[in-house]
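Understanding the architecture of this molecule
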Amino acid sequence: MTNNLFKNAPLAKAVALALAMATTAQAFAQEPDAANKKDNEIEKIQVTGSLGSLPGQDVEAVFGFGKSILETPRSASTISDEQMERFAISDIDELVAFAPGTFTQSFFGVAGSLDVRGTPGETYFRGVKRLDNPGNYPTPIGASSRIDIVRGPASPIYGPAKIGGYLNFNPKSARASGGQYLDKNTGAFSYTLGSWDKSVLTAELGGPGTIGDKKSGFYVYGEVENSGSYYDNTGTDQTVLQASFNVDITDNLRIEFGGMYHDYDGNQVAGWNRLTQDLVDNGTYITGTAQPLDTNGDGSISHQEYNAVNVNPFIAGVALTDITADMIPEIMALENVGTAKLKGNQVLVAADDELKNTVNTLYFDVIYYTDSGWEVKNQLFYEGYKNNNENAYGFAQYHDTWVVEDKIIFSNEYETDGFLGQLQVSPSLRYTDFEHGEDWKNEYFDRRDLTMASSALDRRLLATRIDDDYTELYTGNYLDAGFGIMADLTWDFGLNIVLGARYDSIDMESHTDADKLLLGNYGSGFVILSEDGKYLLNDFGADPVNYTAADITAPIDAEDTVDGVSWNASISYKFDVGLIPYFTAAEQSTIIAGQGAELKTGSVYSGNVFDTSTLTEFGLKGSFLEDTLYFAVSNYEQERSDTKAQSTTLNNVTKTKGTELELRWVVSEALVVSAGYTNVKVENLTALEDGNQYNFIGAGDVPQLDPSLLFGGVAGGPISNTSNPEGRKAGIPENIYSLTATYDFQNGFSANTSIIDVDSTYSGYSQAVELPAYTLVNAGVMYQEETWSVSFNIKNLTDETYYRSNFPDLFGSSVVLPELPRSYQAKFAYKF
């Protein structure tokens, strides 16, 4: 690994800019003795007009010590509710304007979790990891009081985690937590309307109280949305309810409890099918109808009807350029072929597609302060969701999963002359119980002509509607018993060292219900059940009686116990001029779970359900001009270790190198600006090791063929690295620039704008279709009185045409998501 700054052009540029800002800031600094502040003091940056944009607030989401982002030796960002309100941020995809390294690919149009540093991230709730949510439901960030984004693995105190990073969700109702009480009752109402029948109503109320003679506080928040969508056959109905309560039992004992209920009813959006470069560049779409396969006339194509023909040829051992028309079954050819100009709203969604999810999140914290200076915090957390996802083109799944975690944190600090030491010791138990079914066999995007409604030509009979013929079906549980310890050591001459380690032991078991699986007959080429009922066999000539270990795809039942160690080491030094360079190295354990937090029997059986990742990060931070100017620059390399332990959906085996730059400046009480830069390169290590990656073969992969020959099904096979020798992960732009500004005219009016400039990138691994670069501009105005406000924002002000890749590791050559055109949003709010 090379960490020479002069050999890393993006980092060299970023460091040069950072040092230039530092020099300028020092020259104009107006507080000569600012550098004489004690280094062990937690910075409290409160600047009038900042909108909470400066990194001075204590943030426990990184290491748990309540250090500010400025003092934390890791790359991290916070976005306040004031910023989200001023810039009308409504989903996590918009956070890229404020947090470098968070460009997120489309997960079928559902903003569930951020991609952080080019890999799927995780979501935490008040510092506790939530259940996996790649695209089960959109995370309701409008219901948050602050968003913390941490790039890189979680603190050892928090348990196994993905290497890329995570979003920490601080609910609005958390305003009643932390021992802080409002002086009087306060509340607000708001109504938001906008393009495509957007309609969102919110209400919140909080205040002080007493229970007997005990001081207490409460905060409740509610949100109801009933909105349409730019995309055809798409809409959103959702309800979010939050409550938080805080009670001082004694001077030394406090309890905090509450929760969130979120009910979501919408659908996924696969985007455009029949993908070609001409479609992206010019909107030219290949029309035509697939040949009928619904032989019983019930309006849907069953697995059995699909399996009676071959519309899914597996092509291997042949270069893409050598594939000929005679390798494609004639039944896949379209009829009545033509072309049309496709609009962005014409997408692969049927009228009865659905994505329904209900999630309940509860917490109960007990905080006790001993006379000897120890703080003992017991955090009890529960979350459960039920999810049903159905798409007519041939994909369905459901989850019924819950998790309960109990974590005790013993913390103390020791201070001597010139030294402050903080310590955390934390045992924890986390139990996850899952039930998950998936139906993805015979998933065909291209059979539907998007200029027509979904019909029996493309609609598949889904397993979730008949409770049978699942491709995968798992029930089981896993228990993680962990023990972590963290130390934060600070000397007043500027040195800070953060050390941490954790041990986890995980007992897991998983079961498959073979009676509900889609199974073939001996010699059929589909998965079959062994005669003894113990294993699923990959039936390429396997004998169900005399099978060998090589024939086994997965057992019916699997259990295992795995363990691992995670650790973190960081060192930083605070110079008198206000610069803080730092270095962090970490190794993080991770659990390879699926979209419903399930563990596959095959992964448990093969030992590929647990892995470790490593991180090396260098950075430089600084705060100047009386703490009104903040910048941070980082250079990192992170890598997963086991190339066979991965989830294509949630936890790829990748190696990532990158540079991130963030600047926030409160120029005056009226003007606040921010800027960001991301340079990232993600390599798929499994593909590099294997020399190929399995993908759906799209029309752009085989330009020598008439595309209409393919669209009645899908050809699949290993895509050689010939067209992608570096194994670059698709859909991740190499360079992203962002700029935001807001100006308060000091008379009630304010204005804001954000600009995001994104490099071109490829839609799929084969790099057959390139998505163009784009510049996205948003702008808005607000008028605010003491008790009420009104705002108006325009998204995509210049009506830029742009796209995001959709599940590029598998479907990148087949589908792409056209993004939203110009739209507006208006909000009316009243506070009391």
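Residues numbered from 1 in each chain as written. Predicted model: local features only at pLDDT ≥ 70, side-chain atom pairs only at ≥ 80, totals over all residues. Heavy atoms only, no water.

1. Comments concerning the overall build of the protein
Condition: For the purposes of this entry, the term helix denotes a DSSP run of H or I that reaches at least four residues, the term strand denotes a run of E that reaches at least two, and both are numbered from the N terminus. Here the globule rule is a power law, 2.2 Å times the number of residues to the power 0.38, and the radius of gyration is based on C-alpha atoms. Using a 1.4 Å probe on the protein chains alone, a residue whose accessible area is under 20% of its type maximum counts as buried, one over 50% counts as exposed, and one in between counts as partly exposed. Residues are treated as being in contact if the distance between any of their heavy atoms lies within 4.5 Å. For accessible areas, the Shrake-Rupley method is used with a probe of radius 1.4 Å. Any residue's cover is judged against the shown protein chains and nothing else.
Within the protein, the secondary structure is distributed over eight helices and 40 strands. Relative to the compact-globule value of 28 Å for 832 residues, the protein shows a C-alpha radius of gyration of 27 Å, a close match. Taken over the C-alpha atoms alone, the protein extends approximately 80 × 60 × 55 Å along its principal axes. Going through the 832 residues of the protein one by one, you find that 59% of them count as buried. Within the protein, contacts between residues separated by at least 24 positions form 70% of all contacts whose residues are at least 6 apart in sequence. Entry remark: accessible area of the protein is about 31,600 Å², with carbon and sulfur atoms responsible for 54%.

2. Quick word on the sheet that holds strand β4 (residues 122-125)
The cut-off we apply is this: At least two DSSP bridges between two strands are required for those strands to pair.
Read from one edge of the open sheet, five strands run β1-β6-β7-β4-β5, paired in mixed fashion. Sheet topology places β1 (76-80) and β5 (128-129) at the edges, where each strand pairs with a single neighbour. Both β1 and strand β6 (residues 144-151) contribute to a ladder of five bridges, which runs antiparallel. Counterpart to isoleucine 79 in the pairing with β6 is isoleucine 147.

3. Considerations on the side chain of histidine 436
Here is the rule we go by: Whenever two N or O atoms come within 3.5 Å, that pair is a polar contact, provided that in protein one can donate a hydrogen and the other can accept it, and provided that, for residues adjacent in sequence, both atoms are side-chain atoms.
Tracing the sequence through the fold places histidine 436 in strand β18 (residues 419-439). Among the polar contacts listed, one links the side chain of histidine 436 to the backbone oxygen of tyrosine 398, at a separation of 3.4 Å. In terms of polar contacts, histidine 436 uses its side chain to reach the side chain of glutamate 598, at 3.3 Å. Ignoring anything within four residues of it in the chain, the contact list for histidine 436 reads Gln397, Tyr398, His399, Glu472, Leu473, Tyr474, Gly596 and Glu598.

4. Things to note about the nonpolar core
Worth spelling out the cut-off: Here, nonpolar core means buried Ala, Val, Leu, Ile, Met, Phe, Trp, Tyr and Cys residues that are tied together by side-chain atoms lying within 4.5 Å of each other.
Formed by 55 residues in total, the largest nonpolar core has its most connected members in Ile79, Ile89, Leu95, Ile147, Tyr478, Met508 and Leu599. By residue number, the principal contributor to this core is strand β15 (residues 354-369), which donates three residues. If you look at the next biggest cluster of nonpolar residues, it comprises 52 residues, including Ile286, Val347, Ala687 and Leu771.

5. Thoughts on unusual backbone geometry
A positive phi angle, close to 60°, is found at aspartate 197, a residue other than glycine. With respect to the helices and strands, aspartate 197 occurs in the loop between β8 (186-194) and β9 (198-211). Unusually for a residue other than glycine, aspartate 467 sits at a positive phi of about 55°. With respect to the element layout, aspartate 467 can be found in the loop between α5 (463-466) and β19 (472-491). Given a relative accessible area of 37%, aspartate 467 falls into the partly exposed group.

6. Section: the environment of phenylalanine 218
With respect to the element layout, phenylalanine 218 can be found in strand β10 (residues 214-227). According to the relative accessible area criterion, phenylalanine 218 is partly exposed, its value standing at 23%.

7. Let's talk about the sheet that holds strand β22 (residues 535-537)
If you walk across this open sheet you meet the three strands as β21-β22-β23, and the pairing is antiparallel. The open sheet has two edge strands with one neighbour each: β21 (528-529) and β23 (552-555). Pairing analysis gives three bridges linking β22 to β23, with the strands arranged antiparallel. Counted as the bridge partner of leucine 536 is alanine 554 from β23.

8. Some details on the pattern of salt bridges
Short version of the rule: What makes a salt bridge here is a side-chain nitrogen of Lys or Arg within 4 Å of a carboxyl oxygen of Asp or Glu, nothing more.
Enumeration over the complete set of coordinates arrives at 32 salt bridges. A salt bridge links arginine 117 to glutamate 660, with the nearest nitrogen and oxygen atoms 2.9 Å apart. Taken together, the residues span a long stretch of sequence, with arginine 117 in the loop between β2 (115-116) and β3 (119-120) and glutamate 660 in strand β28 (residues 654-666) at a distance of 543 residues. Here aspartate 352 makes a salt bridge to arginine 465, at a shortest N to O gap of 3.6 Å. With aspartate 352 in the loop between β14 (335-341) and β15 and arginine 465 in helix α5, the pair connects residues that are 113 residues apart, well separated along the chain. One salt-bridge network, in which partners are shared between bridges, spans Arg117, Arg151, Glu617, Glu660, Glu662 and Arg664.

9. Overview of the packing of aromatic side chains
For clarity, the cut-off: Between 30 and 60 degrees the pair is tilted, below 30 it is stacked and above 60 it is edge-to-face, where a pair is any two Phe, Tyr or Trp rings, Trp via its six-membered ring, whose centres lie within 6.5 Å. Distance and angle both matter: a charge sits over a ring if NZ of Lys or CZ of Arg is within 6 Å of the ring centre and within 35 degrees of the ring normal.
Enumeration according to the criterion identifies 43 aromatic pairs in this entry. With centroids separated by 4.9 Å and ring planes inclined at 70°, the aromatic side chains of tyrosine 743 and phenylalanine 745 adopt a geometry described as edge-to-face. Connected via pairs of aromatic rings, a cluster forms that spans Phe107, Phe108, Tyr393, Phe445, Phe696, Phe807 and Phe811. Over the ring of tyrosine 636 we find arginine 117; its NZ or CZ atom is 3.7 Å from the centre of that ring.

10. Examining a negative patch on the surface
Cut-off, in case you're wondering: Each patch is built from residues that are more than 30% exposed by relative accessible area and take part in no salt bridge. Like charges join if they lie within 9 Å; nonpolar side chains (Val, Leu, Ile, Met, Phe, Trp, Tyr) join within 5 Å. Positive charges are assigned to Lys and Arg, negative charges to Asp and Glu, while His and the chain termini are left out of the count. Charge positions are represented by NZ for Lys, CZ for Arg, CG for Asp and CD for Glu.
A cluster of acidic residues, Asp507, Glu509, Asp557 and Glu559, forms a negative patch on the protein surface. Of all the elements in the fold, those that place two or more residues in the negative patch are β20 (495-512) and β24 (557-573). In this structure, glutamate 509 sits in strand β20.

11. Focus: a nonpolar patch on the surface
A cluster of nonpolar residues, Phe189, Leu205, Trp788, Tyr830 and Phe832, forms a patch on the protein surface that exposes about 500 Å² of accessible area. Looking at the element boundaries, phenylalanine 832 is found in the segment after β40 (823-831).

12. Thoughts on the environment of threonine 192
Looking at the element boundaries, threonine 192 is found in strand β8. In the structure, threonine 192 is positioned 78 residues away from leucine 114 in sequence and 24 Å away in space, judged by C-alpha atoms. Every residue in contact with threonine 192, bar those within four places of it in the chain, is listed here: Lys198, Ser199, Val200, Gln825, Ala826 and Lys827.

13. Some words on the environment of glycine 691
Tracing the backbone shows glycine 691 in the loop between α7 (685-690) and β30 (692-697). Residue classification places glycine 691 among the partly exposed residues on the basis of a relative accessible area of 32%. Measuring from C-alpha to C-alpha, the distance between glycine 691 and proline 725 comes to 8.8 Å, with 34 residues separating the pair along the chain. Ignoring any residue separated from it by four or fewer positions in sequence, one finds glycine 691 in contact with Ile719, Ser720 and Asn721.

14. As for the side chain of histidine 303
Take histidine 303: it is sitting in helix α4 (residues 303-307). A polar contact is formed between the side chain of histidine 303 and the side chain of aspartate 439, at a distance of 2.9 Å. Residue contacts for histidine 303: discarding those within four places in its chain leaves Asp439, Lys441, Asn442, Arg460, Asp469 and Leu518.

15. Describing the confidence of the model for the protein
Which entries qualify depends on this criterion: Summary of the metric used: pLDDT quantifies the predictor's per-residue confidence within the range 0 to 100.
In the predicted model, the protein carries a mean pLDDT of 89, and 90% of its residues have values of at least 70. Contacts of residues 11-46 to residues separated by more than four positions or lying in other chains number 62 contacts, the stretch itself having pLDDT below 50.

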